[in-house]
Amino acid sequence: MSSTADTRSTISTIASTSLGTLTQGDATAFLRSLPAQSARLVVTSPWFTGPFEPSSDDPTSPAFGDWLNGHLEDIARVLLPDGSVVFEAGCTWAVDRPVRTVQHYAALSRLLAGGEWHLLQEFHWYNPELLTANEEYVERRRSRLHDCVTNWYWLSRTPDVPADTRRVRGFQGHLTHPFGNFLTFGDSAADHDYLDAVRGPETQADRDRFPVAAPLYFIRLLTEEGEHVVDPFAGIGSTALAAESAGRTWSCNDFSVEAMTIAKQRIDNLRK
Ligand SMILES: C[S@@+](CC[C@H](N)C(=O)[O-])C[C@H]1O[C@@H](n2cnc3c(N)ncnc32)[C@H](O)[C@@H]1O
């Protein structure tokens, strides 16, 4: 995605449908613009640099925890008391050594120790197109394997949230066996409709994304028709497309002009 962050506190409407609105602006301003207790689900994939920046001298850096806690305060206000937040986060690599950084584990431990949030379940997503941050050791030295699994964490402030696994029965396409919390619903490159909307060479925004099937899975598991879904780091708009197709209302946002341009085109394509 574009690294030229627009951190202005205003948010602008980029596109809207009868079910939802796409905005461009900072996630904090966006979350604070939403009504309290309005969303059943926040589903998102946050930034993998910045707070995720690998740190060779402190692989358990609290930076991601600080970042997560701040955003979860705003998310808690927007969510219904028994609403869910599901976010994707994976291990990454130290800058100059082939060792893992585990800021997200540190962040989760700290969050759960606070007592306000519960980890209801984690999901393991097989994503062969996962971006690697360790090319030196994976591609050149061949001493580490390519990462192809990332995790989703399902959190809420009460253990008793509405959820119905029957709504995702058969979701994982051709699979005949129940794979439980091992998700195989397609990789980062699974959606090609954006290609019609974007010209020029592949950009980070083309690759650093999840397919529509990812948010759709959690939307079906955790919401009913007409309920509200939010994505503050919506990238090229897969959550908006998923919510729209499932008949859920939605609010999606990103601060990247580049990503929002693609998201708008994808939403406009829905109307064609
Ligand atoms: C991993 S990408 C999300 C990709 C998205 N799930 C998709 O399918 O396109 C993370 C996104 O967070 C956005 N982002 C990072 N910090 C932000 C902030 N403070 N406010 C709004 N968006 C932000 C980036 O522009 C990027 O698009």
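Use the structure listed above.
Procedures and definitions
Residues numbered from 1 in each chain as written. Predicted model: local features only at pLDDT ≥ 70, side-chain atom pairs only at ≥ 80, totals over all residues. Pairing = 2+ DSSP bridges. Helix = DSSP H or I, 4+ residues; strand = E, 2+ residues; numbered from the N terminus. Buried ≥ 20, exposed ≤ 12 C-beta atoms within 10 Å, placed from the backbone. Expected span 1.5 Å × (residues − 1). Near = placed C-beta within 6 Å. Nonpolar A, V, L, I, M, F, W, Y, C, P; charged D, E, K, R; others polar. Contact = placed C-beta atoms within 7 Å. Core = buried A, V, L, I, M, F, W, Y, C linked by C-beta atoms within 7 Å. Axes fitted to C-alpha atoms, helices over the stretch in contact; angles between N-to-C directions.

**Student:** Looking at this structure, I do not really get the pairing of strand E1 (residues 12-16). What am I missing?
**Tutor:** Residues in a regular strand point their side chains to alternate faces of the sheet. The sheet contact formed by E1 and strand E2 (residues 20-24) spans four bridges and is antiparallel. Pairing of threonine 13 across the sheet is with threonine 23, part of E2. Linking E1 back to E2 in an antiparallel pair, the connection comprises three residues.

**Student:** Is there a simple way to explain the environment of serine 18 in this structure?
**Tutor:** Relative to the assigned elements, serine 18 resides in the loop between E1 and E2. The exposed category is assigned to serine 18, around which 6 C-beta atoms lie within 10 Å. As a C-alpha pair, serine 18 and tryptophan 250 span 232 residues in sequence and 9.8 Å in three-dimensional space.

**Student:** Looking at this structure, how should I read helix H2 (residues 63-78)?
**Tutor:** An α-helix turns once every 3.6 residues. As a result, residues three or four positions apart point the same way. Helix length check: H2 (16 residues) gives 24 Å between terminal C-alpha atoms against 22 Å at 1.5 Å per residue, within 8%. Of all the residues in H2, the buried ones are Phe64, Gly65, Leu68, His71, Leu72, Ile75 and Val78.

**Student:** Would you mind showing me how to read the site of the ligand here?
**Tutor:** Around the ligand, the structure places 19 residues, and the nearest of them are Ala27, Arg209, Phe233, Gly235 and Ser256. In the shell around the ligand, the residues fall into 11 nonpolar, four polar and four charged.

**Student:** Got a minute to help me understand helix H7 (residues 213-222) in this structure?
**Tutor:** Among the 10 residues in H7, eight count as buried, and that is most of the element. At its buried positions, H7 is contacted by strand E3 (39-44), strand E4 (79-89), strand E9 (182-183), strand E10 (228-231) and helix H8 (238-246).

**Student:** It is not clear to me how the nonpolar core should be interpreted in this structure. Could you clarify?
**Tutor:** Generally speaking, nonpolar side chains in soluble globular proteins are found buried as a group. Of all hydrophobic cores here, the largest spans 57 residues; its most connected members are Leu41, Val86, Ile219, Ala240 and Ala263. No other element matches H7, which puts seven residues into this core. Filtering out sequence-adjacent residues up to four positions away, alanine 240 remains in contact with Gly20, Leu22, Ala234, Trp250, Cys252, Ala263 and Ile267.

**Student:** Just to check I follow, could you spell out the environment of threonine 184 for this structure?
**Tutor:** By the element assignment, threonine 184 lies in the loop between E9 and helix H5 (193-197). Threonine 184 gets classed as partly exposed once you count the C-beta atoms within 10 Å, which come to 16. Sequence separation between threonine 184 and glutamine 172 is 12 residues; the distance between their C-alpha atoms is 6.3 Å.

**Student:** Got a minute to help me understand the environment of leucine 22 in this structure?
**Tutor:** With respect to the element layout, leucine 22 can be found in strand E2. Those residues within four positions of leucine 22 in sequence are excluded, and the remaining contacts are Ile14, Ala15, Ser16, Gly237, Ala240, Cys252, Met260, Ala263, Lys264 and Ile267.

**Student:** Looking at this structure, how should I read the sheet that holds E1?
**Tutor:** Spatial strand order, E1-E2-E11-E10-E3-E4-E8-E7-E9: nine strands in an open sheet with mixed pairing. Lying at the two open borders of the sheet, with one neighbouring strand each, are E1 and E9. Bridge count for E4 against strand E8 (residues 149-156) is six bridges, and the pairing is antiparallel. The residue of E8 that forms the bridge with valine 86 is tryptophan 154. With respect to the sheet, H7 is in contact with E3, E4, E9 and E10, its orientation differing from that of E3 by roughly 155°. Helix H9 (residues 257-270) rests against E1, E2 and strand E11 (249-254) of the sheet, and its axis sits at about 160° to E2.

**Student:** What is the right way to read unusual backbone geometry from this model?
**Tutor:** Residues apart from glycine generally show negative phi values, whereas peptide bonds are mostly found in trans. Located in the positive-phi region is glutamine 37, a residue other than glycine, with phi close to 50°. Of note, glutamine 37 is situated in the loop between helix H1 (27-33) and E3. Glutamine 37 sits in the exposed class, given 12 other C-beta atoms within 10 Å. In this structure, arginine 142 takes a positive phi of about 60° despite not being glycine. Within the element layout of this structure, arginine 142 appears in the loop between helix H4 (135-140) and E8. Taking the C-beta count within 10 Å as the criterion, arginine 142 has 8 such neighbours and is therefore assigned exposed.

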